[in-house]
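# Close look at the chain arrangement
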Amino acid sequence: DGACTWHHLDVGGDCRYWPVSAWVQFLLGWTELEACPALRFEYRTQLDLHSLGLTALQVLVDLLPFREPPAPDGQCGELLKDKGLVLIEELRDLQMAWEKYWAT
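Scope of this entry: the structure provided in the associated data block. (Residues numbered from 1 in each chain as written. Predicted model: local features only at pLDDT ≥ 70, side-chain atom pairs only at ≥ 80, totals over all residues. Heavy atoms only, no water.)

Since one α-helical turn is 3.6 residues long, residues separated by three or four positions face the same way. Residues of helix α2 (residues 20-28) that are buried include every one of Ser21, Ala22, Val24 and Gln25, and no others. Seen along its axis, α2 keeps its buried residues to an arc of 160°; they face one direction. Opposite the buried face of α2, by more than 90 degrees, sit the exposed residues Val20 and Leu27. Where α2 is buried, its residues meet α3 (30-35), α4 (37-45) and α5 (47-63). Just past α2, the residue Gly29 takes up positive phi, approximately 95°. (Buried < 20%, exposed > 50% of the residue type's maximum accessible area, 1.4 Å probe, protein only. Helix = DSSP H or I, 4+ residues; strand = E, 2+ residues; numbered from the N terminus. Arc of directions from axis to C-beta. Contact = heavy atoms within 4.5 Å.)

Take a look at the structure:
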């Protein structure tokens, strides 16, 4: 029964998709999860939701149309803000941060 043996199993998979509770289980053990009901609940019932959320974000970023870095300071940013297209600048920032995260 997985509900009774979860604390005896090792954490697996790509650690970039792990929530905090998986890191606690990996680094500190199941006794630390038992001591924190919120982390225990996340670990036992929501690992897939966390990974699914990250996967959805990855799909969004991968489907964004722009890949080139923004223009030097002041050029592109001011133009976008003047036209009310701040969202594009924010999405570009998200894309660059996401690529940096996966590169490390």
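So, about a nonpolar patch on the surface. The grouping of Trp23, Phe26, Leu27 and Leu28 at the surface amounts to a nonpolar patch, some 440 Å² of accessible area in total. Of note, Leu27 is situated in helix α2. Exposure remark for Leu27: the relative accessible area of 60% places this residue in the exposed category. (Patch = residues over 30% accessible without salt bridge, like charges linked within 9 Å, V, L, I, M, F, W, Y side chains within 5 Å. Areas by Shrake-Rupley, 256 points an atom, 1.4 Å probe, with all protein chains shown as cover. Salt bridge = Lys/Arg side-chain N within 4 Å of Asp/Glu carboxyl O.)

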